[in-house]
Structure formats: C-alpha cells, structure tokens
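Overview (structure and organization)
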4 protein chains.
Amino acid sequence: MWFTSDNASGAAPEIMTALQAANAGYARSYGADDLMAQVTTQLRNTFEAPEAAVYLVATGTIANSLCLALTCPPWGAVFCHEHAHVAEDECGAPEFYTHGAKLALVPGDHGKMTPETLAPVLTRTGTSVHGVQKGMVTITNVTEAGTVYTPAEIAALTAAAQGLPCHLDGARFANALAATGATAAEMTWKAGIDLVSFGGTKNGCLGVEAVVIFDPAKAWEFELRRKRGGHLFSKHRFLSAQMSAYLQDGLWLRLASHANAMAARLSAGLMAKPGVTLTHPAQANILFPEWPAGTHARLQAAAAAYYDMPAPKGREAARLVTSWSTTTDDVDRFLSAL
Amino acid sequence: MWFTSDNASGAAPEIMTALQAANAGYARSYGADDLMAQVTTQLRNTFEAPEAAVYLVATGTIANSLCLALTCPPWGAVFCHEHAHVAEDECGAPEFYTHGAKLALVPGDHGKMTPETLAPVLTRTGTSVHGVQKGMVTITNVTEAGTVYTPAEIAALTAAAQGLPCHLDGARFANALAATGATAAEMTWKAGIDLVSFGGTKNGCLGVEAVVIFDPAKAWEFELRRKRGGHLFSKHRFLSAQMSAYLQDGLWLRLASHANAMAARLSAGLMAKPGVTLTHPAQANILFPEWPAGTHARLQAAAAAYYDMPAPKGREAARLVTSWSTTTDDVDRFLSAL
Amino acid sequence: MWFTSDNASGAAPEIMTALQAANAGYARSYGADDLMAQVTTQLRNTFEAPEAAVYLVATGTIANSLCLALTCPPWGAVFCHEHAHVAEDECGAPEFYTHGAKLALVPGDHGKMTPETLAPVLTRTGTSVHGVQKGMVTITNVTEAGTVYTPAEIAALTAAAQGLPCHLDGARFANALAATGATAAEMTWKAGIDLVSFGGTKNGCLGVEAVVIFDPAKAWEFELRRKRGGHLFSKHRFLSAQMSAYLQDGLWLRLASHANAMAARLSAGLMAKPGVTLTHPAQANILFPEWPAGTHARLQAAAAAYYDMPAPKGREAARLVTSWSTTTDDVDRFLSAL
Amino acid sequence: MWFTSDNASGAAPEIMTALQAANAGYARSYGADDLMAQVTTQLRNTFEAPEAAVYLVATGTIANSLCLALTCPPWGAVFCHEHAHVAEDECGAPEFYTHGAKLALVPGDHGKMTPETLAPVLTRTGTSVHGVQKGMVTITNVTEAGTVYTPAEIAALTAAAQGLPCHLDGARFANALAATGATAAEMTWKAGIDLVSFGGTKNGCLGVEAVVIFDPAKAWEFELRRKRGGHLFSKHRFLSAQMSAYLQDGLWLRLASHANAMAARLSAGLMAKPGVTLTHPAQANILFPEWPAGTHARLQAAAAAYYDMPAPKGREAARLVTSWSTTTDDVDRFLSAL
C-alpha cells in the first residue's frame, strides 16, 4: 500500500511497450527523431493549438524552470502561490534558470490563489527602479493541496494578471482535467494561459514532461535554454516514445481518471471513519486526512507507506497520493488497517 | 549504415530487460531506490574507490557541467582543449552552471592537450585581481578527435595542473578503457583525476551518465546543484536500472570493445582504399577520413549516414562513429559502397 | 526643508577638504593608494579588530550584496526582515550577486526581527535537497522603520541563528551607535556579527561605504567578487580620502549624533501637536508621523520635501529623514508649517 | 615621473571645482538631480543624438559590462579582440553581467580587429543549438595596444558584423577623437555603433563614465540592470557634476589632446635613442617601447614609474601611459634618465 507519491509508481504497460518498440534500429538524435514529429502533432491536437511549439524534457522541475525563465527577466517577480512547488520544492531552480528572479508569494486557502489574493502582491511590485518588476504568473493545477482550479477560476486569475504572461504548472494536468471534465484547451489558452508544463512522469510515464508554448515566437529561445541547461536528450526518441504512447487513444486521461477514482474511494472511506477529517477538499488524487493520535502506528504496522504531516496536539496528519497503479484492493486494505 | 554518432543507436537488449524488470511495483523516489544502492556499490568497485560519491544524471552535458561547477568558482578559468565538447558543443552550459566561469582554451594536436600546451595558458591566468583565476582542468577521453589518452598521458597532464582539480569527461570512457586496456582506477584517480563523467548513453544505454567524485566531501553540494538544475529524477529507478545492467558482468566494456573493433575494421578498410587518409589516428570508435571529391554522393546513394567535415579543395571529409550496435555487415557494406 | 532622505544632503566640509587634498599628485590605483593603508588602520581601530579585512565601495547596495554573496551559496536562503532594504529596495541585487539565493522573509514589529520571529522561518528551511538551504542572516541597524537594535538584541538574534554567518547592514551604522551609545565592536563582533556594511554616504560622504570582514580568510574572494561586479575603483584614493576623513577625530559619530538630535527635536515637536502620532518609535534619524488629512497640502505649500506613506482613511502619513546637514531652523520651520 | 597608467593621475581642477559647487544644498537622488538633466543635454549634443539614452556610472568595467549585457543574451557570443580589456582585465565581469555569455576572441595586429579577422570567428559561431549564438561585437578605441581605429575602420567592422549590435569601449574615447580629429558622432553611430562606454575617469575625472545608447528603447532595461548591479548612486549629483564639467567648453578634448601630445613628445624622444623601438604604433597616449636590457634599472633609479612588459632575450619592454597631468618636464626628465 504505497501512498507516498504518484512518483513511487512505475510506468504503465503501454508506455513500456512503446519504449521497447522505439528501441529498434537507428534514429536521429536531439529531437529530430520521427517519433517527435508525431508527438508534436498529438500535442497540438490535444491542445487544439496547431501553431504551438512543443518540447519534451525529463523532469517537472525543468519544465517549470524553463517556462519561468522564458517569461520572466532576471529582475522580475514570479507571482505564485506561497506553497507552490516552484517556491518550496525545487531548491531554487526557478531562481537559477531565471538568473535571479524573485518569487512573489501569494496567499490563498487550499493551495489556490484568487484574484483577490493576487491583486495586492501585484500592485506593490514594480513601482520604481528600486524594486523588482512585475514578471509573470504561474498557477499550479492540481495544486499542492490536492485541490483543482476550474477553467473559470484560471480565467479569473489570468484576467487579474494585468497582461503578464501566465504559466500553468500541470505536473498533474491530466488529473485536473479528469476532475473537472475540461478540455486541455479550455484549461489553458482559452483561459488565458500562455505556456504549460504538461506532466507525464507522475501519471504513468518513466520520466517525461512536455512544454507547450502557444506563441511559437519563443520557440528558439526555449531550445537554447533547454540545451544550455543540459536537458536536450541525445537519444531523444526515448522521451518521444513515452509521450506518444501517453497521448495515444486517451491513455493519459484514463490513467488519471483511475487515480482520481481511487482517491475518491479512499476519501469516501476516510470520511466514514469517526474522528477522521480532511484538511483540504478531495478533488483529484491527493488527500490530506487528519486522524486521532496513534493511527500512524497502526497503519505502519500494516505496511502502509505515506508522508506524515504536521498536526494539532492529539491528532496526526498525513498526505496520501493515489496513482494510475493504485488498486481498489490497496485502498480497501488501507481503510481496514485504519 | 548509420555512422552519424553513437547516440543514433538504441539501447542494448540487456539494458531494456533491466528497465522492464525495474518497473515492477513501487520504489522510493529521488535516488533512494534500492537499485541505486546497488549502483553505488558497482561503481565504487569498478573504480576501486570505496568512498567515492556517485550520482546519476541523464545527459553528458549535465554530468560535465555539474563537475565543472563543483570545482571552478564563477571567477575561475576552466582549462580545456580548444575543441573540447564543453567548449564547442554545450551551448554555454559550463558557463551557465559555473555562473560565468571562463573557458581557457588549450591547443594541441589531434584533440589532446599536453603539459607543454597547457603550461603557458595556465601561467598567464590568475596573475592579479583583474583577470579570472586558475580554476580547474577538464580532459576528454576519448577526445573529440577520436584519439585516446593513456593513463600516463593523463598523469602527465594532472601533474602539470599545479594542484588544480582535474576532471575527466568520459562520455566515451568505456571506449577509452577498451582502447588502452587500462582499468577505471588507472585512468582516473591513480592518474590524478578528481572526478569523472562516466558515460552510459552513447554506449548502449537509453540516457544515463554517472558522476564519480573521489572526495566525498563535495557530495552534498553536488546533490543540491543537481536538484537545482532540474536533474534529479523522481522515478530515479529507471536511471539506476540502466546503470546497474550496464556495469553488470562487464557489459559496458564488451559493448565498447565491440564498437572499437568495428572502427578498427572500418579503419583498416579505409586505409586499404587509394586516396583515403585519416586526419586523426584511429584509436577508439570515431574516424575522420578524407577522400576524393565525389565520394559523398556515392555513399549517400548507398544510404550511408554520417557527418560531412570541412576538407581541402578537391577532397571531402567525414566523421564516422561506430557503436555497440554497428555490425560487420554495416562496415563491409560501407566499404563496398566507397 | 528637505526631509526626503539623508541621501539628499551633500557632503560634509571636512570630507570635501579631504577629497581636495587627496587630489594632489599621482597615486597607485585600485586600492594600493597610501590613503587606503591609513583607512585600513582606522577601521580596524574603530572596530577593535586588528585582523579584519576592510574594503571600500561606493554604494550601500553593493556593500550589502557582496556581503551576502560572500556568505550565502546560490542554493541558500538569506534570512532578513520582510521589509529589509535588501528585500525591497535593491531590485534583486542580492539575488544577482548570490547567483540566485532566496530571501527568506522574517516578520517583526517596527522593522525588527526577533529570535521568536526568526526561529520558525529558520526551522522550516533546508530540511531536504528539495528546498533551498539555510544560508545566512542579515540584520539592518538602523532599520527601515527608523528603529534601532541594541547590542543585546543583535546578540540575541545571532545566538538564534544556529551558527549561520551574520551580517549587519549598517547603511546608518553611525546613527545606530549614536542612538545606543554602543561601540562599533559591541554592536558587531562582540554581538556575533561576522561582517558589516559600514555606511558613509548617507552620513556626510559623497559616496563611500566600507565592508568590514572580521575573518580575513574571505578577503581574497571579496576582492574578486568586487572586481567582477565592476566595483573596484581605479582612482581609489577618492574613496579612501572620504572614508579617512569620515573616521578622523570622530567626525562620523558627530555627524550622526547631530542627525539624531534633529530627529529628536522634530519628534518632540510632532508629539506636541494634536492629532499627530508616530507609527514607529523615534530612535534615530527617521520618523514616520501620521497626521490629519489636509496636512500634506499645507506642508507642501511651505516647501517641505518628504515622502508620503500609505495611511488609514482620514489620515495622512509621511517619512521624514534628518541628516548631518539638517538645521534646527529646518526643523522649527517644518513644525511651524505643520 | 608617473607613466604607470592614466588612472594614477588625479582629477583636473575644473572637475574639482564643479564637484565643490555641486555640493551646495540638497538635491534629488538616484539620477533625478538637475545636473543630470544638464548632462543629458550635453551628451546628446556631443554625440548629435537628440534621442539617445544617457547614463552615468563610476567605473569603466561596469560601463562595458552593462552594454554587453544589454545586447548579448546569456547564450550568446561577444566578439572582441583577443586582448580586449573585457577579455583580459575585468575578472569575468562581462560573463557575470551577461549571465554567462562567451567571449569569442578575434585576433588582429596591434590590438585591432579587422573585417578579415572577425569574419571566420563570426562564421563558425551559432551554427546550431549545440553552440552559443552570435551575440554582439565590442570594439575598443583607443585599443589596449595604444592604437586607434579611424571612423572608416570602425564602419568596416560594423559592416562586417552581420547586423549584430556593436558597442564601442571608449574608456579613452577622448584620446581616440583627439588622435583622429573625428567627431563623437562620426566615431560612433555614423560608423554603425549602437552604444558607447564614454570614459571620463582616465582623462581627468575622479570616477565617472557615461553610457550612451542611441536607441532609447533599451533605456529602462539599462536602468534596472544598473540598479541591480549596485551601480545607481544615491548622491548622483557627484557623478553628474564631474561629467558636466568634463563636457563643458571642450575640456574633455583639451585634456586628451594634451595627453596625446605628451605621448607624441615622448615617442619622438624614444625614437631618437639608439636601440629603442616601439612594439605598436604610437597613436594616442600609450606607448610600448622596447630597449636594451639594463635600462629598467637606470629608469627606476631616476624614480620613473611604469609597467614592465615581456620582452625578447637581451631586451626589456615597458608600457608608458601619459595623461592630462603629464608635463613636458616629466617627459624630458624621463628621456634624460633613459
């Protein structure tokens, strides 16, 4: 029963099969492989964006960092939620890739910024040469709190962004779509998003993320920044193969829907237990339950793996993440152990 | 007949099998996987360096960049051959990761520095606060010219380095060992090398390079720099699996020996042709033949893929690279077409 | 009546005289001038630190930035008050010079951190490779709120810093000493401070700040960072002359005492007016009065120059700064106009 | 007899007088002083460029670094002479301010690039994503070898620059104009130069350089980069005062003409001595004589100060720099001692 993170899962069988198939023979390197041409078409179709520039990298941190660096000057501010992944979990990669931009932290309940919480931070930034300037806005969906922005909420935020470039950190983009029923286009450019980190790794790939840039004028700069970061793969076909299979026949949405369904089952089970509450609404594949002290010991005895969270006195808290490979049996055994 | 680069090859079957095996079940992420513990032991054994810090990344550029950044301050000079990969083929990644160090270019025939060519560049660097300071030395083996340093030549260079840290760019390290018969230890720390980029990608992996740091005191800084560069894989087991299989039962050396043997066969065949010469000695798996004008057209008609090189009037030149997957049939067909 | 900032004042006559004297004849450049040798002795004596490395630069921003860069790695956190000059008024210079460190903002009333407000920010930083690491602490005295830390308060903060390097931003260091009666040593190394930005510009110089580093082992790195930032003056004697005259016979403390006395006179006058309050305690040479709406217009009509501040409805607020050149007449005329 | 550098001289009396005058009363800070408005007009008139953006900084290194950073991306190449000041004497400041651009070194006799020496370096740069891209060209006039480009030579270089931005490092701009009789406009924008470091420090100021940017669209970015580098002076009037007096009534050209005349007198005297040769043509205020071994000792005994240079066996070499304050007596005494 592994609920530590969706990155503790392996890769989906379809992805492994595609990788094996891509291994046959020789292929052009550094992204000139035939599979990448196919991926480009698939991503443009998925996003209904026939002109979009699309690229592959291997980690979510670099997908985000390159997007930030592409849209924020070194003397700019990146507006993000105060607990965003870019702010807390990337060891300063955004500052590194932007050459020193400042993350301007925006508060908000349940991991979400709102136009109201964004406005004052925007307003007080960039008023003279003495401070950093307004740079760009980055929004995470699914959030670090496991909550989900609807397209309308995204649109409200980008409308409040005063014309700044807006990025969507979609490390769990598929889960956000599965949760809302929105299309990729509705969740992004139709809602004012300029570029997207489109995650594959956590949702059944080995290690691949796409970057989708709706204005292709920034494409060449992206390529140079990627290369310079050491993120251009020579045997690029192995990235292409993962992404191509991931997008084939809706696999990506099926995997995410399954993960979300397992979280819903788990959430329902948790809610049925006396003394168990959820710190954040359960909307995708991450849950933050709180339960009576002593529960951790019982669960660990049953070999349940997850992360502890800080909790009030007399209580314990946890983060539980489901994935494409979570089974109903995993969920039910966890609930029993609880 | 693909001779464009060893990175046009796929992955060796043993590597693909290991990847598939590693996919079973759940694993801890970010390098805490059990397979990585195994890789650590394997690499320490391979290098006879029981204390070495060892890490995995996915590209050669980042292996090199992190090694340079770890040993050269922003105001330092990286001493390297004027045609080194770090100087010409990484789009400024060394400057990016070191935060602005300067590459001090050292001349030398056939892609090799010598103590004599290194000395004057060293001497004129770092004489006052007005210039950049002596930083570190990086040596490529196999060189970009396809030549190979012996351990004695490496030792002579590191002895001439005035105590500076010395790095070995071993993107084709296995080919260099196969060519010289040296052990990994003889080619590195026994010859004064402090840290190594140990290549896997070009020699039968999908995308994995090890960094071996003989003084483990720099280990934590390496981990932070890797994370901050966006190069710490969440599903790290897929890097571990490649490297573990690569090192298992000497696979890495068998693959490189095969590539070198194919280059030797090709070289012998080329030398037997009238009007064909080699610009650099054939010592590993890269050849630089020059032939009469008109030959390119004949070879391309026969579907031979390789890179053109600049040549004197009336002549044509090429770079031919063999790999673990080159067959004697490939070689012989190429020679026939020629 | 100029109360906009102490940097709206000119230079004290003694400083101008010294500059003129320093202009005679030839002098060695880049800090090798004889006057700099004298300054070194004066600063070491002033700080009772016979081994300290001391350097001159021309602006406060660079003094701070170099101190931060010297003690915080690119992947580190600089702990500072949320309204510190380094956080709000230097356009990202700290991020630029540190190559991307993150400013970790510490709350605190009246511009001052306390061990209690620092502790939780420290504790939540640097817990794994995924976040930035604990770097260093920087304390501003006089604070941006015009308040003053006592040596005991500084010592309490440095004791709470968990062994991190501690920097004092002393752009108004003389005013802090004048306010507390502490010696330079008591306010710095005796209270756990490792390096100091020792301001001259705001207190009667044209443009000079000293950096005092109590551990001279970092001296050479400082020199390289200063040069690389473009901050090593060729005609360095003109920096030395200012600092030498500034330290001569206690001029620096006399000038600051005068500025503080003018602020005290102004503060007393303000407090005597009905409806006038001070947002922060008046402790040095900066005051933050709040007064009834309509007052601004009256003061501006009387040609009083100062900065407006945000205020509650029905009220107005200002920042008033006195300097070495403020006269009692300036103060009294301001109070009359009010 | 000081011939070490023009920066060993003090400031011209007119400059000191202006500084004293500027000290009266209060002034707006950070470049909003009235004197700066005057400087802006003076510089625009001097360059016949009514729209140019003009700024002041205190050192030549920062004037150059900001100009390079303004026109070269982090992944770009700065094309410069192999012995340019930016390449050899700024401790990596160009790499620091550009965030890691690479200096592409162009050979050329007597410190000068030519279209012929520039072309191959340009051509081999920026051919794919694997290398750095063509960034900008920087030309030094007066060169480090003491030679001078004519406007026609500058124009030939900028014409060969393939449309890249072109910068003129004019640390000794006045000497170059005095040597050629060209106007400021002829030497710069009329010859294809986009932005200029206009030196004051070496030619009679205390420490001030102007940056002149002919396309004002980059003005705001320049201001942010200057601030972020810690180079925006609070008491900016003291920079303005120097530059204003420097430009007043042709002072800058008179001072440079005098320095050049002293060098001509010295050069003529040197040429008249048996066994003395000049390594580079004497065209402005820097000479590179070579003389018989043993001469250094004689000159040092006569208290002549200058820098030694490398020389062939049996010979000695020197660099001699004259300035606005060199007297005919200095020159004649030096020649006698020789």
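Residues numbered from 1 in each chain as written. Chains lettered and ligands numbered in written order. Predicted model: local features only at pLDDT ≥ 70, side-chain atom pairs only at ≥ 80, totals over all residues. Heavy atoms only, no water.

1. A closer look at the sheet that holds strand β4 (residues 133-140) of chain A
Residue and element names in this part refer to chain A. Reading across from one edge, β1-β7-β6-β5-β4-β2-β3 is the order of the 7 strands in this open sheet, with mixed pairing throughout. What marks the edges here is a single partner per strand, and that holds for β1 (53-57) and β3 (102-106). Here the average twist between neighbouring strands, direction ignored, is 20°. The pairing of strand β2 (residues 76-81) with β4 spans 4 bridges and is parallel. When the sheet's bridge partners are listed, Phe79 is paired in β4 with Val137. (Pairing = 2+ DSSP bridges. Helix = DSSP H or I, 4+ residues; strand = E, 2+ residues; numbered from the N terminus. Axes fitted to C-alpha atoms, helices over the stretch in contact; angles between N-to-C directions.)

2. What to know about the domain arrangement of chain A
All names here are of chain A. Assigned domains of chain A: these are domain 1 (12-250) and domain 2 (252-337). Distance between the C-alpha centres of domain 1 and domain 2: 28 Å. In this assembly, 26 residues from domain 1 lie in contact with 17 residues from domain 2. For the pair domain 1 and domain 2, the summed buried surface comes to about 1,900 Å²; carbon and sulfur atoms form 58% of the total. At the surface where domain 1 touches domain 2, the tally comes to 0 salt bridges. Counting every contact that joins domain 1 to domain 2 gives 10 residue pairs in polar contact (both at pLDDT 80 or more). Broken down by secondary-structure element, the contributors of at least two residues to the side of domain 1 that touches domain 2 are α1 (13-22), α8 (173-180) and α11 (237-247). Here the side of domain 1 that touches domain 2 gets 6 residues from one element, more than from any other, and that element is α8. (Domains from an automatic or database assignment. Contact = heavy atoms within 4.5 Å. Buried area = accessible area lost by both parts, 1.4 Å probe. Salt bridge = Lys/Arg side-chain N within 4 Å of Asp/Glu carboxyl O. Polar contact = N/O pair within 3.5 Å; in protein donor to acceptor, adjacent residues only side chain to side chain.)

3. Let's talk about the side chain of A:Asp169
Residues and elements named next belong to chain A. Mapping Asp169 onto the fold places it in strand β5 (residues 166-170). The buried charged residue Asp169 lacks any salt bridge partner; its closest oppositely charged side chain belongs to Arg172, at an N-O distance of 8.0 Å. Setting aside anything within four residues of it in sequence, one finds Asp169 in contact with Asn64, His85, Thr138, Ile139, Thr140, Asn141 and Ser197. (Buried < 20%, exposed > 50% of the residue type's maximum accessible area, 1.4 Å probe, protein only. Lys, Arg positive; Asp, Glu negative; His and termini not counted.)

4. Some thoughts on the relation of the copies chain A and chain B
For the pair chain A and chain B, the best superposition has an RMSD of 0.0 Å and corresponds to a rotation of 180° with a translation of 0.0 Å parallel to the axis. What we have between these two chains is a two-fold relation. When C-alpha distances to the rotation axis are compared across chain A, the minimum falls at A:Gly229, with a value of 3.5 Å. Interface overlap between copies: 100% of the residues of chain A at the interface are likewise at the interface in chain B, consistent with a symmetric, same-surface contact. (Least-squares fit on C-alpha atoms with pLDDT ≥ 70 in both.)

5. Examining the relation of the copies chain C and chain B
Here chain C sits on chain B after a turn of 180° about the axis and a move of 0.0 Å along it, with an RMSD of 0.0 Å. When you check the interface residues of chain C against chain B, 100% turn up at the interface there too, and the contact is symmetric in its surfaces.

6. Overview of the interface of chain A and chain B
Each partner contributes to the interface: chain A provides 50 residues, whereas chain B provides 50 residues. Buried area between chain A and chain B, summed over both chains or domains, comes out near 4,100 Å², and the portion from carbon and sulfur atoms is 57%. Interface area lost by chain A to chain B is led by A:Tyr26, A:Phe96 and A:Lys235, which between them contribute 21%. Seen at the junction of chain A and chain B, the total is 0 salt bridges. Sorting the residues of the side of chain A that touches chain B by element identifies α1, α3 (60-71), α5 (93-97), α10 (219-228) and α11 of chain A as the ones contributing at least two each. Tallied by class, residues from the side of chain A that touches chain B come to 20 nonpolar, 20 polar and 10 charged. (Nonpolar A, V, L, I, M, F, W, Y, C, P; charged D, E, K, R; others polar.)

7. Describing the confidence of the model for chain A
Reading predicted coordinates in detail is not appropriate for stretches of low pLDDT. Overall, the predicted model of chain A reaches an average pLDDT of 98, with 100% of residues at or above 70. With pTM at 0.97, the complex prediction returns an ipTM value of 0.97. (pLDDT = per-residue confidence, 0-100.)

8. With respect to the sheet that holds strand β7 (residues 209-213) of chain B
Residues and elements named next belong to chain B. The strand order β1-β7-β6-β5-β4-β2-β3 describes an open sheet built from 7 strands, whose pairing is mixed. Edge positions in the sheet fall to β1 (53-57) and β3 (102-106), since each of these pairs with one other strand and no more. Taking the axes of each pair of neighbouring strands and ignoring which way they run, one obtains an average angle of 20° across the sheet. Where β1 meets β7, 5 bridges bridge the pair, whose relative direction is antiparallel. Looking at β7, one finds that Val57 is bridged to Glu209.

9. A closer look at the pairing of strand β6 (residues 195-199) of chain C
All names here are of chain C. Of all 5 residues that make up β6, 5 are buried, and the element is covered over most of its length. The side-chain alternation of β6 yields two buried faces, one formed by Leu195, Ser197 and Gly199 and the other by Val196 and Phe198. In the sheet, β6 pairs with strand β7 (residues 209-213) via 5 bridges, with the strands oriented antiparallel. Each bridged residue has a counterpart across the sheet, and for Leu195 the counterpart in β7 is Ile213.

10. What about the packing of aromatic side chains?
Scanning the entire structure with this criterion turns up 62 aromatic pairs over all chains. Through successive ring pairs, a cluster of aromatic residues spans A:Phe47, A:Phe173, A:Phe198, A:Phe214, A:Tyr246 and A:Trp252. It is C:Lys112 that lies over the ring of C:Tyr149; its NZ or CZ is 5.4 Å from the centre. (Phe/Tyr/Trp six-rings, centres within 6.5 Å; stacked < 30°, edge-to-face > 60°. Lys NZ or Arg CZ within 6 Å of the ring centre and 35° of its normal.)

11. As for the interface of chain C and chain B
Facing the 17 residues of chain C at the interface are 17 residues of chain B. Both faces combined, the contact of chain C with chain B buries some 1,700 Å², and carbon together with sulfur accounts for 71% of it. Inspection of the chain C/chain B interface yields 0 salt bridges. Broken down by class, the residue content of the side of chain C that touches chain B amounts to 7 nonpolar, 5 polar and 5 charged.

12. Digging into the UniProt feature "domain: Aromatic amino acid beta-eliminating lyase/threonine aldolase" (unreviewed entry) in chain A
Under the UniProt annotation, the feature "domain: Aromatic amino acid beta-eliminating lyase/threonine aldolase" (unreviewed entry) is placed at residues 3-286 of chain A. Across residues 3-286 of chain A, the secondary structure splits into 41% helix and 15% strand, with the terminal C-alpha atoms separated by 9 Å. (UniProt positions renumbered as here; feature names shortened; annotations may be inferred.)

13. Here's the deal with the packing of helix α3 (residues 60-71) of chain B against helix α10 (residues 219-228) of chain B
All names here are of chain B. The interhelical angle for the contact between α3 and α10, taken along N-to-C directions, is 130°, at an axis separation of 10 Å. The orientation of α3 with respect to α10, classified from their angle, is oblique. When the axes of α3 and α10 are compared, the crossing they make is right-handed. From α3, Leu66, Ala69 and Leu70 reach across to α10, where they touch Glu221, Phe222, Arg225 and Arg226. (Parallel < 35°, antiparallel > 145°, perpendicular 65-115°, else oblique. Left-handed = near helix turned anticlockwise from the far one by under 90°.)

14. Quick notes on the state of the cysteines
Taken as a whole, this structure holds 0 disulfides over all chains when the rule is applied. Free of any disulfide, B:Cys205 has its nearest neighbouring cysteine sulfur in B:Cys67, separated by 17 Å. Summary of cysteine pairing: C:Cys80 is not part of a disulfide, and the nearest cysteine sulfur, belonging to C:Cys72, is at 10 Å. By relative accessible area, C:Cys80 is classed as buried at 0%. (Disulfide = S-S within 2.5 Å.)

15. Quick notes on the side chain of C:Arg237
On the secondary structure map, C:Arg237 appears in helix α11 (residues 237-247). Despite its burial, C:Arg237 pairs with no opposite charge, the nearest such side chain being C:Asp33 at 7.2 Å. For C:Arg237, the side chain forms a polar contact with the main-chain oxygen of D:Ala8, separated by 2.8 Å. Of note is the side chain of C:Arg237, whose polar atom sits 3.2 Å from the backbone oxygen of D:Ser9. Setting aside chain neighbours within four positions, we find C:Arg237 in contact with C:Ala22, C:Asn23, C:Ala24, C:Gly25, C:Tyr26, C:Ala27, C:Asp33, C:Leu35, D:Ala8, D:Ser9 and D:Gly10.

16. Quick word on the pattern of salt bridges
This model, assessed by the stated rule, comprises 44 salt bridges over all chains. Here C:Glu290 makes a salt bridge to C:Arg315, at a shortest N to O gap of 3.2 Å. A residue pair is termed long-range when its members are at least 10 positions apart, and C:Glu290 in strand β10 (residues 289-292) and C:Arg315 in strand β12 (residues 315-321) qualify at 25 residues. Residue class for C:Glu290 comes out buried when judged on its relative accessible area of 17%. Put simply, D:Asp6 and D:Arg172 hold a salt bridge, and the shortest N to O gap is 2.7 Å. Of this pair, D:Asp6 sits in the segment before α1 (13-22) while D:Arg172 sits in the loop between β5 (166-170) and α8 (173-180); the two residues are 166 residues apart in sequence, bridging distant segments of the chain. Here D:Asp6 and D:Arg172 have matching classes, each one buried.

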